[in-house]
Amino acid sequence: MEKNCNKNMVNSNVLTQELWGTTWTYVKTVVDTAREPFLILDKDLQVLAANESFYQLFKVARSETEGTFVYEIGNKQWDIPVLKKLLEEIIPRETFFKDFEVDHIFPTIGRKIIKLNARQIFGIKEKEFPDLILLAMEDVTDRQLAQNKLEEYTKRLEEEFEKRTQELEMRVKELEKLTKMLAERELELKDLRKEIEELKKKLK
């Protein structure tokens, strides 16, 4: 009886390990084939894996990434206050966040504007499946900087247009004032001519 019980426990452990191995392989394959940079973190925010897109974008080595606390990747270039808030406060409470923008200057690659998406995947304690956090990133630097330049250019055009409009309005007012003054002078000249004609008649 005891032997059968032990045998069943061993078989159960083997099945659990195989199931977890299959699940991990699936998750890892999906992440590896993604075009966006991806990190897979455990509940303690240790990096379990990263895909090739992550290494290419952030210029860090696999040996300096996997098994490392997320904030210590690449000489602590991911030690970003807003990221800490997302991972340590928002994820535990909301289980996911979407399109959260991080504007950060990285030591090796310079300024990057990254949109972060993260989701917590809850494990199964009875089967020793650990909790995971999938952290996806989208580099929107070029697009965002181009958008910023377009907005800046549009703002300058609007300011210039407003300035020219104000100048034209002032010019129109000056012309209206001048026209009114000329009209008044014309009336005065008309009255003067009339007086001259009357004087001429009297002299005759």
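As shown above, the structure is provided for reference.
Here Ser-53 shows up in helix α2 (residues 52-58). Residue Ser-53 is classed as buried on the basis of its relative accessible area, which comes to 17%. Filtering out sequence-adjacent residues up to four positions away, Ser-53 remains in contact with Ala-34, Arg-35, Glu-36 and Pro-37.

What follows concerns helix α4 (residues 81-94). Relative to the 20 Å expected for 14 residues at 1.5 Å per residue, α4 spans 18 Å between its end C-alpha atoms, a close match to the ideal helical length. In α4, a bend of some 25° at Leu-87 exceeds every other bend along the element. The set of residues buried in α4 consists of Leu-83, Leu-86, Leu-87, Ile-90 and Ile-91. In the core, the buried residues of α4 are packed alongside β1 (38-42), β3 (96-106), β4 (110-121) and β5 (132-139). Residue Thr-95 follows α4 closely and has a positive phi angle near 70°.

Below, the discussion takes up the sheet that holds β1. Strand order in the open sheet formed by 5 strands is β2-β1-β5-β4-β3, and the pairing between neighbours is antiparallel. Two strands bound the open sheet, and with one partner strand each, they are β2 (47-50) and β3. Ignoring which end each strand starts from, the neighbouring axes of this sheet average 25° apart. The sheet contact formed by β4 and β5 spans 8 bridges and is antiparallel. From the neighbouring strand, Ala-118 faces β5, where its bridge partner is Leu-135. Packed onto the sheet, α4 meets β1, β3, β4 and β5 and runs at close to 170° relative to β3.

Calculation rules
- Residues numbered from 1 in each chain as written.
- Predicted model: local features only at pLDDT ≥ 70, side-chain atom pairs only at ≥ 80, totals over all residues.
- Heavy atoms only, no water.
- Helix = DSSP H or I, 4+ residues; strand = E, 2+ residues; numbered from the N terminus.
- Buried < 20%, exposed > 50% of the residue type's maximum accessible area, 1.4 Å probe, protein only.
- Contact = heavy atoms within 4.5 Å.
- Expected span 1.5 Å × (residues − 1).
- Bend = angle between axes of the 7 residues up to and from the residue.
- Pairing = 2+ DSSP bridges.
- Axes fitted to C-alpha atoms, helices over the stretch in contact; angles between N-to-C directions.

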